[in-house]
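The chain contents come next:
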Amino acid sequence: MEADFETALQLVLVHEGGFSNHPQDPGGATMKGVTLQVFQSYFGADKTVDDLKNISQAQLEQIYRSGYWDKCSGDALPAGLDYAMFDFAVNSGPGRAVKFLQKILGAQQDGAMGPATLSLVAAANPADMINQLCDARQAYLESLSTFATFGAGWSKRVRDVRQQALDMLGGNAPASQAAPSLVTVRLGSSGDSVRALQSALGIAVDGQFGPQTEAALKEYQASHGLTADGIAGRNTWRALGLMA
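The structure presented is a predicted model; accordingly, all values stated were derived computationally and were not measured.

**Observations regarding the layout of surface pockets**
Of the volumes computed, that of the largest pocket is approximately 580 Å³. Lining the largest pocket we find 23 residues, and of these Glu16, Val90, Asn91, Arg234 and Arg238 sit closest to its centre. Residues of the lining of the largest pocket, tallied by class, amount to 10 nonpolar, 8 polar and 5 charged.

Laid out in structure tokens, this is it:
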């Protein structure tokens, strides 16, 4: 439904986190799930990392609507299913999300939300589609070789999306799983992201990234197949289950 886009975007952004620019992250500088490369493709090659850090709400909406929501025909889908498809598209690509829904419906799996697919959607039970889509999404994630490292965050995201989508279908306001806007932190950092890291590591929480936090983080990273550099970026947040 067209009216659901803003709500769905707010929910998606909870999972996407804040600014990250870890040297080991192949995506490079990222803000609220938008990479610098994507940002430049929409708003010009001259855009800088600082411009990305200050991305506006209007710019976010333009990227997420045209790049994901519209490709899933969000405006034409029932409440709840629109959000479940949108979040799947953001996390794993719109083509894959559409193909998974088409498989559930018995439609041709071409990755395009055309009239034939939308006709089948209109005839199906929305709650069944939400549950089957989330089941298929979880199974896909579990099939990935990196699930052992990042599965906690991915699985939490699917659980949250399922419940929120069903809430939306029932006409209820979806419960937002509020979280700090996580950013890359390292020795010398302070603030909410450090507190979230310390809590997830099970160490004393004071919001100050000192040598003890660094040591605990390096130990966690080494034991979970991550680069043990003592820097918490997107990959570490995902492994800890705080970002998906």
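So that's the structure; there's more coming.
**Some thoughts on helix α5 (residues 81-92)**
Counted at 1.5 Å a residue, the expected span for α5 with its 12 residues is 16 Å, and the 16 Å between its end C-alpha atoms agrees. α5 sits mainly inside the fold: 11 of its 12 residues count as buried. Where α5 is buried, its residues contact α1 (5-16), α4 (57-69), α6 (94-105), α7 (115-123), α8 (126-142) and α9 (147-169). Positive backbone phi, at 105 degrees, marks Gly93, one or two positions downstream of α5.

**Quick notes on the nonpolar core**
Counting residues in hydrophobic clusters, the biggest one holds 63 residues, and the most contacted among them are Tyr64, Leu81, Met85, Phe86, Leu101 and Leu197. Looking at this core element by element, the count peaks at 8 residues for α5. If we skip the residues at most four places from it in the chain, Leu197 touches Val185, Phe209, Thr213, Leu217, Ala232, Trp237 and Leu240.

**Details of the pattern of salt bridges**
The full count for this structure, using the stated rule, is 9 salt bridges. Put simply, Asp87 and Arg137 hold a salt bridge, and the shortest N to O gap is 2.7 Å. Taken together, the residues Asp87 in helix α5 and Arg137 in helix α8 connect sequence positions 50 residues apart. A relative accessible area of 0% places Asp87 in the buried class. Here Arg137 falls in the buried class, since its relative accessible area comes to 1%. Salt-bridge contacts for Asp135 lead to Arg162; the nearest nitrogen and oxygen are separated by 2.7 Å. Of this pair, Asp135 sits in helix α8 while Arg162 sits in helix α9, and the two are 27 residues apart along the sequence. The exposure class assigned to Arg162 is partly exposed, which follows from its relative accessible area of 22%.

Here is what the cut-offs are and how they apply
- Residues numbered from 1 in each chain as written.
- Predicted model: local features only at pLDDT ≥ 70, side-chain atom pairs only at ≥ 80, totals over all residues.
- Heavy atoms only, no water.
- 1 Å grid on protein atoms, 1.4 Å probe; cavity = no way out; pocket = protein on both sides within 12 Å on 5 of 7 lines; lining within 4 Å.
- Points joined across faces, edges and corners; volume = space filled by probe spheres on them.
- Nonpolar A, V, L, I, M, F, W, Y, C, P; charged D, E, K, R; others polar.
- Helix = DSSP H or I, 4+ residues; strand = E, 2+ residues; numbered from the N terminus.
- Expected span 1.5 Å × (residues − 1).
- Buried < 20%, exposed > 50% of the residue type's maximum accessible area, 1.4 Å probe, protein only.
- Contact = heavy atoms within 4.5 Å.
- Core = buried A, V, L, I, M, F, W, Y, C linked by side-chain atoms within 4.5 Å.
- Salt bridge = Lys/Arg side-chain N within 4 Å of Asp/Glu carboxyl O.

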